[in-house]
Amino acid sequence: QVHLVESGGGLVQPGGSLRLSCAASGSIFSINTMAWYRQAPGKERELVAAITSGGSTNYADSVKGRFTISRDNAKNTVYLQMNSLKPEDTAVYYCKYVRHTAYLEVWGQGTLVTVSS
């Protein structure tokens, strides 16, 4: 089994920064993708950014140039550095782990990010 624990959410003013972390534990397969999604009130969950174990990344257009996803494979941890935050970035942010061989996906419990003055 795989277990994900997110941290780093909170309240920040517009223009501010936050760094989210997601630590994975358990039976981590070396070839995987980790990603951040978010869900704002009344909206569907959407992909924010993803990173493969090889380091390839992709981002939602709405966060390109402001957010950076990275990972430390030795620690099985993925990070999301969020800069120039906007009120519309307010959401619950979820971490997801995907094992592509014998497909498995696991979600974290979510961490709330609120951007408000």
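Refer to the structure above for everything that follows.
In this report, the structure presented in the accompanying data block is examined. Everything numeric in this text was worked out from a predicted model, so none of it was measured. (Residues numbered from 1 in each chain as written. Predicted model: local features only at pLDDT ≥ 70, side-chain atom pairs only at ≥ 80, totals over all residues. Heavy atoms only, no water.)

**Structural notes on the packing of aromatic side chains**
Aromatic ring pairs are described here by two measures, namely the spacing of the ring centres and the angle between the planes. This model, assessed by the stated rule, comprises two aromatic pairs. Centre to centre, the rings of Tyr37 and Trp107 are 4.9 Å apart; their planes meet at 65 degrees, and the pair counts as edge-to-face. Linking Tyr37 in strand E4 (residues 32-39) with Trp107 in strand E10 (residues 104-107), this pair joins segments that are 70 residues apart in sequence. Residue Tyr37 is classed as buried on the basis of its relative accessible area of 17%. Among the residues examined, Trp107 registers a relative accessible area of 30% and is labelled partly exposed. Judged by centre distance (6.4 Å) and plane angle (85 degrees), the rings of Tyr94 and Trp107 are edge-to-face. Here Trp107 lies in strand E10 and Tyr94 lies in strand E9 (residues 91-99), a separation of 13 residues in the sequence. Members of the aromatic cluster, each reached through a chain of ring pairs, are Tyr37, Tyr94 and Trp107. The residue whose ring lies beneath Arg45 is Tyr94, and the NZ or CZ to ring-centre distance is 3.7 Å. The residue whose ring lies beneath Arg45 is Trp107, and the NZ or CZ to ring-centre distance is 4.6 Å. (Phe/Tyr/Trp six-rings, centres within 6.5 Å; stacked < 30°, edge-to-face > 60°. Helix = DSSP H or I, 4+ residues; strand = E, 2+ residues; numbered from the N terminus. Buried < 20%, exposed > 50% of the residue type's maximum accessible area, 1.4 Å probe, protein only. Lys NZ or Arg CZ within 6 Å of the ring centre and 35° of its normal.)

**Regarding the environment of Leu20**
Of note, Leu20 is situated in strand E3 (residues 18-26). Residue classification places Leu20 among the buried residues on the basis of a relative accessible area of 0%. Leu20 has contacts with Ser7, Gly8, Gly9, Trp36, Val78, Tyr79, Leu80, Met82, Tyr93, Thr111 and Val113, leaving out every residue within four places of it along the chain. (Contact = heavy atoms within 4.5 Å.)

**Focus: the state of the cysteines**
Counting across every chain of the model gives one disulfide. Each sulfur in the disulfide pair Cys22 and Cys95 lies 2.1 Å from the other. Between Cys22 and Cys95 the sulfur-sulfur dihedral comes to about -80 degrees; the bridge is accordingly left-handed. Of this pair, Cys22 sits in strand E3 while Cys95 sits in strand E9, and the two are 73 residues apart along the sequence. With respect to class, Cys22 is no different from Cys95; both count as buried. (Disulfide = S-S within 2.5 Å.)

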